[in-house]
Amino acid sequence: MCMWELYLQNFSFIYTLGSLSSDLNLGAWRRSTMAPKLKPGEGRTRSIVQILVVVGLCYFFYVLGAWQRSGFGKGDRLALAVEKSGAECEIVSNLNFETHHGDEAGVDNDSKPKTIKPCQSIYTDYTPCQDQNRAMTFPRENMNYRERHCPPENEKLHCLIPAPKGYATPFPWPKSRDYVPFANAPYKALTVEKAIQNWIQYEGNVFRFPGGGTQFPQGADKYINQLASVIPIENGTVRTALDTGCGVASWGAYLWSRNVIAMSFAPRDSHEAQVQFALERGVPAVIGVLGTIKMPYASRSFDMAHCSRCLIPWGSNDGMYLKEVDRVLRPGGYWILSGPPINWRTNYKAWERTKEDLEEEQGNIEEIAKLLCWEKKYEKGEIAIWQKSINTNACQSRGDDSRVNFCKASEINDVWYKKMQACITPYPDVSDSDEVAGGELKPFPERLYAVPPRIASGSIPGVSVETYQKDNSQWKKHVHAYKKINKLLLTGRYRNIMDMNAGLGGFAAAIENPKLWTMNVVPTIAEKDTLGAIAERGLIGIYHDWCEGFSTYPRTYDLIHANRVFSLYRDKCNAEDILIEMDRILRPEGAVIFRDEVDVLNKVHKIVSGMRWDTKMVDHEDGPLVPEKILIAVKQYWVAGGNSTSPE
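Residues numbered from 1 in each chain as written. Predicted model: local features only at pLDDT ≥ 70, side-chain atom pairs only at ≥ 80, totals over all residues. Heavy atoms only, no water.

Q: Can you break down the pattern of salt bridges residue by residue, with the values?
A: For the structure on display, the rule yields 36 salt bridges. Salt-bridge contacts for Arg570 lead to Asp599; the nearest nitrogen and oxygen are separated by 3.9 Å. A residue pair is termed long-range when its members are at least 10 positions apart, and Arg570 in the loop between helix H17 (565-568) and helix H18 (575-585) and Asp599 in helix H19 (residues 598-608) qualify at 29 residues. Three or more residues are tied together by salt bridges with common partners; here these are Arg564, Arg595, Glu597, Glu621 and Glu628. (Salt bridge = Lys/Arg side-chain N within 4 Å of Asp/Glu carboxyl O. Helix = DSSP H or I, 4+ residues; strand = E, 2+ residues; numbered from the N terminus.)

Okay, structure coming up:
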């Protein structure tokens, strides 16, 4: 039952009391015709007393109504009974979460907010920190020019990125794995360049993805079956994967049916829109490259890492890139390399490289793998698989090797814009030879709510097992309320979901569903570094600073969850810039859930009122006395071709 219904009930009761009071007055008037007259002023005093009684009752029942829903005292039992007996109500009845693709909606000008105008159509696929023109001004050595290079303040766009004409909401999963509307990413180059490899085909008004790749032209499923003969992919032991140089992410797309979630990345380069295609398909991906800075992931985050002809020079730079993969690979995890230089004796002519060159490259990789305590488990055809040792006991001999240089343990998760180094990440200490360094993980899905080893060991200051369990309970409660607000939340309407301030991953765990995935973002300025614990739950995530653009294309997320993001970034950077970036990455008719203090949300609401978003403020699920509120927003559908503006 809604708060306003409780108020109505109380108001009815007050109205009845008022009527009764009137009847009493009428009866008193009738009796007065038969009784002695009152002394002067006595009747007026009695009227004042009656008015005060009614006003007091009004106030009492108003407080009672609020108290019944506030979560305080014995009124909880009454509120719970009312909830169970009454039908659920639509809290946000004036917002429509369905898709329409209708005409451009106008902006509500009632409050006359500052209007943020649309950008010119040339910015339809603008990626602020991977802008092609800016990239060309940086050195090409070690792919530096393909890394993040964000615009200075005076070059930022202060306009809304338009969708291309004809933009359509992506197909629901699993159809989206195989089909993408052409208008959403109208780039045909890959259909020609990768035609014989079955990456992508153009068919009428859609792109079709047959599931092929450079190393698996016959399909990703058959390729994954070959890997599964060595790696325990099917039983939940392997849950999280990293795909370096992912192409259109077919490997990650086909792992999904086996309950494995892959974080795929590739640069924004000559293979136009490969990461954009991945996200349009509903596959987790970011724009990224192994270059000069560390990957934005916590140590020991992935059960498996993969390179399928990714063209990364693994043996160069003293093995720096392979050592960076080792940093994020969990003890006992697997690394897969398919393509050059594996099986070079057979393929050197097709690869147009010399035998000597390829033999040296593979020799370097083998040597680095030994230094990392990786054991080769398989090599057949063009596929090789290594497994990382579960602890350092298996490689005591490397302590005498002059080539071994260990990274500082205090710096292994300090990654944001930090230079990659050719050092080896040390294993956490163990007490015996069979112990998994860093803690053994449960198979998924049991892993989702098991206590992460980093929390159980006290490695995250201020986070205890009790804190973790309480956080999980709280987010289950919050998500229950969200599902009342937006009944489409878990129906498949939203596939790509982002949590901008993920904490311990409680939101993502509470909405875990085969129809969706969540990108858990841990802000670089967050008080606690929780990304490693999120990974240990079998979820994917990334470090990011919301004062900058996110490493993705426009229109790549269906729903964004922003829990206390604007309180966190208060006085750190411009809230309008963060909201414009949220608009860039949100699909037309996508939704946003803000959760924050009411004064913060009022400021957010004022800005988004000029951004072609429909909004509604909702009370906290525990009632109106709780200062934290929820602001719901839905981005209107509009495309390029209307009024637009140049960068301000």
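Q: Which residues make up the pairing of strand S9 (residues 374-380), and what values do they have?
A: Taken residue by residue, a regular strand's side chains alternate between the two faces of the sheet. When S9 meets strand S10 (residues 383-388), the two strands line up antiparallel, connected through six bridges. The residue of S10 that forms the bridge with Trp374 is Lys388. The antiparallel hairpin formed by S9 and S10 contains two residues in its connecting segment, where Gly381 sits at a positive phi of about 60°. (Pairing = 2+ DSSP bridges.)

Q: An account of empty space enclosed by the protein is needed here, citing residue identities and associated values.
A: Scanning the entire structure with this criterion turns up nine cavities of 30 Å³ or more. Counted as a void, the largest cavity has a volume near 300 Å³. Lining the largest cavity are 22 residues, and of these Arg148, Ile287, Gly288, Ile293 and Pro296 lie nearest its centre. By volume, the second largest cavity is sized at about 100 Å³. Forming the boundary of the second largest cavity are 13 residues, of which Lys294, Arg327, Cys407, Gln421 and Cys423 lie nearest the centre. Considered class by class, the residues forming the lining of the second largest cavity number five nonpolar, two polar and six charged. (1 Å grid on protein atoms, 1.4 Å probe; cavity = no way out; pocket = protein on both sides within 12 Å on 5 of 7 lines; lining within 4 Å. Points joined across faces, edges and corners; volume = space filled by probe spheres on them. Nonpolar A, V, L, I, M, F, W, Y, C, P; charged D, E, K, R; others polar.)

Q: Just give me the short version of helix H7 (residues 220-228), but keep the residues and values in it.
A: Those residues of H7 lying buried are Ala220, Tyr223, Ile224 and Leu227. For H7, the arc enclosing every buried residue in end-on projection is 95°, short of the 170-degree limit, so these residues lie on one face. (Buried < 20%, exposed > 50% of the residue type's maximum accessible area, 1.4 Å probe, protein only. Arc of directions from axis to C-beta.)

Q: Give a detailed account of the nonpolar core, specifying residues and quantitative values.
A: One finds Trp251, Tyr297, Met304, Trp314, Trp335, Met582 and Phe594 to be the most contacted residues of the largest nonpolar core, which totals 101 residues. When near neighbours in sequence (up to four residues on either side) are disregarded, Trp251 contacts Phe216, Tyr223, Ile224, Leu227, Ala241, Leu242, Asp243, Ala262, Met304, His306 and Ile336. Of all hydrophobic cores here, the second largest spans 17 residues; its members include Leu488, Leu489, Ile511 and Ile632. (Core = buried A, V, L, I, M, F, W, Y, C linked by side-chain atoms within 4.5 Å. Contact = heavy atoms within 4.5 Å.)

Q: Lay out the sheet that holds strand S14 (residues 557-563) in plain terms, naming residues and giving numbers.
A: Strands sit in the order S13-S12-S11-S14-S15-S17-S16 across an open sheet of seven strands; the sheet is mixed. Each edge of the open sheet carries a strand with a single partner, namely strand S13 (540-544) and strand S16 (613-619). Taken over all neighbouring pairs, the strand axes of this sheet differ in orientation by 20° on average, direction set aside. Across the sheet, helix H14 (residues 465-485) lies against S14, strand S15 (586-597), S16 and strand S17 (628-635), angled at about 130° from S15, the strand it touches most. (Axes fitted to C-alpha atoms, helices over the stretch in contact; angles between N-to-C directions.)

Q: For the packing of aromatic side chains, give the residues involved together with the corresponding values.
A: For the structure shown, the criterion picks out 19 aromatic pairs. Seen in terms of ring centroids, Trp475 and Phe507 are 6.2 Å apart; in terms of plane orientation they differ by 75°. Their pairing is edge-to-face. Separated by 32 residues along the polypeptide, Trp475 in helix H14 and Phe507 in helix H15 (residues 506-510) bring together distant segments of the chain. Exposure class is identical for Trp475 and Phe507. Each is buried. One aromatic cluster is present, built from ring pairs that chain together Phe182, Tyr202, Phe207, Phe209 and Phe277. Here the basic side chain of Arg495 rests over the ring of Trp173, its NZ or CZ set 3.8 Å away from the ring centre. Seen from the ring of Trp638, Arg612 lies directly overhead, with NZ or CZ sitting 4.5 Å from the centre. (Phe/Tyr/Trp six-rings, centres within 6.5 Å; stacked < 30°, edge-to-face > 60°. Lys NZ or Arg CZ within 6 Å of the ring centre and 35° of its normal.)

Q: With reference to specific residues and values, describe the sheet that holds strand S1 (residues 179-181).
A: Strand order across the open sheet formed by three strands is S1-S3-S2, with antiparallel pairing between neighbours. The open sheet has two edge strands, S1 and strand S2 (201-203), and neither has a second partner. Looking at each pair of strands side by side, their axes are set apart by 30° on average, direction ignored. As paired elements, S1 and strand S3 (residues 206-208) share three bridges and run antiparallel to each other. Opposite Val180, over in S3, you have Phe207 as the bridge partner.

Q: Before we move on, can you summarise the packing of H18 against H19 with the specific residues and values?
A: Axis angle and axis distance: for two packed helices, these are the angle between their axes and the distance between the axes, and together they describe the pair. Running from amino to carboxyl end, H18 crosses H19 at an angle of 60°, the nearest separation of the two axes being 10 Å. When the axis of H18 is compared with that of H19, the two are oblique. Seen from above, H18 lies across H19 with right-handed handedness. Across the interface between the two elements, Ala575, Glu576 and Leu579 from H18 touch Val604, Ile607 and Val608 from H19. (Parallel < 35°, antiparallel > 145°, perpendicular 65-115°, else oblique. Left-handed = near helix turned anticlockwise from the far one by under 90°.)

Any link to function would need more than the numbers given here.
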